[in-house]
Amino acid sequence: MSESSPITPDPNQSEAVANPADRTAKTRQLLGMKGAAPGETSIWKIRLQLMKPITWIPLIWGVVCGAASSGNYTWSLENVLKAATCMLLSGPLLTGYTQTLNDFYDREIDAINEPYRPIPSGAISVPQVVTQIVALFLAGIAVAFTLDLWAGHEFPNVTVLALFGSFIAFIYSAPPLKLKQNGWLGNYALGASYIALPWWAGHALFGELNWKIAVLTLIYSLAGLGIAIVNDFKSVEGDRQLGLQSLPVMFGINTAAWICVVMIDVFQGLIAAYLVTIHENLYAAILVLLIIPQITFQDMYFLRDPLKNDVKYQASAQPFLVLGMLVAGLALGHAGI
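Quantities reported herein were computed from a predicted structural model and do not represent experimental measurements. (Residues numbered from 1 in each chain as written. Predicted model: local features only at pLDDT ≥ 70, side-chain atom pairs only at ≥ 80, totals over all residues. Heavy atoms only, no water.)

## Remarks on the packing of helix α4 (residues 77-105) against helix α7 (residues 157-173)
Relative orientation and spacing of two packed helices are given, respectively, by the angle between their axes and the distance between those axes. Between α4 and α7, whose axes approach to 9 Å, the crossing angle comes to 20°. In terms of axis orientation, α4 runs roughly parallel to α7. When the axes of α4 and α7 are compared, the crossing they make is right-handed. Here α4 contributes L89, L94, Y97, T98, L101, N102 and Y105 to the contact with α7, which in turn contributes V158, A162, S166, A169, F170, Y172 and S173. For the contact of α4 with α7, a count of residues per class yields 10 nonpolar, four polar and no charged. (Axes fitted to C-alpha atoms, helices over the stretch in contact; angles between N-to-C directions. Helix = DSSP H or I, 4+ residues; strand = E, 2+ residues; numbered from the N terminus. Parallel < 35°, antiparallel > 145°, perpendicular 65-115°, else oblique. Left-handed = near helix turned anticlockwise from the far one by under 90°. Contact = heavy atoms within 4.5 Å. Nonpolar A, V, L, I, M, F, W, Y, C, P; charged D, E, K, R; others polar.)

## Concerning the pattern of salt bridges
Applying the stated rule across the entire model yields seven salt bridges. Linking D103 and K52 is a salt bridge whose minimum nitrogen-to-oxygen distance equals 3.6 Å. With D103 in helix α4 and K52 in the loop between α2 (43-51) and α3 (56-70), the pair connects residues that are 51 residues apart, well separated along the chain. Here the two residues D103 and K52 agree in accessibility, since each one is buried. A salt bridge links R117 to D103; its shortest N-O distance comes to 2.8 Å. Here the residue R117 occupies a position in the loop between α5 (107-113) and α6 (126-151), and D103 occupies one in helix α4, the gap between them amounting to 14 residues. Put simply, K52, D103 and R117 are held in one network by salt bridges that share partners. (Salt bridge = Lys/Arg side-chain N within 4 Å of Asp/Glu carboxyl O. Buried < 20%, exposed > 50% of the residue type's maximum accessible area, 1.4 Å probe, protein only.)

## Notes on the nonpolar core
In this structure, W199, Y220, F302 and L332 are the most contacted members of the largest nonpolar core, which totals 41 residues. Looking at this core, the elements with two or more residues in it are α3, α10 (211-230), α13 (253-277), α14 (281-302) and α15 (306-335). Counting residues per element, this core draws most heavily on α13, which supplies 11 residues. Counting 36 residues, the second-largest nonpolar core is a separate cluster that includes L136, V143, L161 and A214. (Core = buried A, V, L, I, M, F, W, Y, C linked by side-chain atoms within 4.5 Å.)

## A closer look at the packing of α3 against α4
The N-to-C vectors of α3 and α4 enclose an angle of 150°; their axes lie 9 Å apart at closest approach. When the interaxial angle is binned, α3 and α4 end up roughly antiparallel. Judged by the sense of rotation from one axis to the other, the crossing of α3 with α4 is right-handed. Together, W56, L59, I60, V63 and V64 of α3 and A83, C86, M87, S90, G91, P92, T95 and G96 of α4 make up the contact between the two elements. Considering only residue class, the contact of α3 with α4 consists of nine nonpolar, four polar and no charged.

## Overview of the side chain of N187
Structurally, N187 can be placed in helix α8 (residues 183-194). N187 gets classed as buried once you look at its relative accessible area, which sits at 3%. In this structure, N187 is in contact with N182, L225, A228, I229, D232 and L247, ignoring residues within four places of it in sequence.

Here it is as structure tokens:
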């Protein structure tokens with residue numbers, strides 16, 4: 001409106017004011033974030049909601065870290081395409097499979113904690129969800145096998161990793177094991193799936209996966225366990241009602257918050273210490289410098305009110321954690337581990 005335009009009452013003013021918040025809620029729903037809202041009618045957007053695109057990012061990044069730790073990655077067009085295909089495998093396909101599977105088995109819990117999710121809100125039928133789970137799984141295994149052929153592997157390393165990761169995703173969500181019922185086992189399975197598995201896939205694609213890389217990334221995954229605990233704070237009430245032993249339910253909010261931050265900081269610190277032992281001192285120093293802002297945000301946000309500030313803490317601190325992963329990957333590749 002120009003300064004010379006007449007000002008007239010707008011009967012739709014309240015709706016216009018509400019639109020930005022409404023759009024934000026719909027965006028959060030589409031990405032699979034906390035604080036979303038129901039109401040989406042497009043079946044393809046609903047299917048995307050089930051796959052929680054916001055959760056793809058760390059797994060895509062894990063592939064980058066694995067390629068770096070292999071020490072063999074070069075910036076050729078073929079390698080870029082291989083890496084991008086592996087990111088498609090780890091992110092949209094198998095993480096999408098995992099998240100859809102989890103929503104399928106968590107539909108009763110989500111009806112309490114997140115009723116706006118596609119299944120409890122009735123936006124998509126159970127048979128449609130099952131079809132999506134099967135399609136994503138089969139597509140993921142097909143892409144993994146294609147990567148093995150492309151890389152010339154005699155043994156299908158990437159396919160085996162894809163099958164193993166899919167199995168872990170199944171026992172994490174599905175009874176009778178349902179690892180997520182136990183705060184320690186479930187969160188470690190989640191942490192390892194976010195850090196170790198895509199790291200292994202990226203490393204195996206460009207180099208030879210060995211036991212040292214496997215062990216180091218499993219140790220790093222204990223920091224991922226701490227990150228996984230952050231996600232439990234949004235579900236405390238539903239977990240308590242349905243008897244799920246998440247750490248906030250087992251130990252209480254404050255104690256669980258401290259367990260969370262100690263796991264995140266200590267195990268990153270141990271990786272930095274290991275880098276010193278292999279004479280990668282510069283990389284170790286950079287990793288330590290990336291831990292410091294995480295500790296700062298833990299004090300500023302998370303430890304003061306983990307229920308209110310969980311999302312704010314993740315948005316502030318996790319970029320430093322994932323940058324630290326890349327620093328560690330580069331160090332391991334440089335050292336030839």
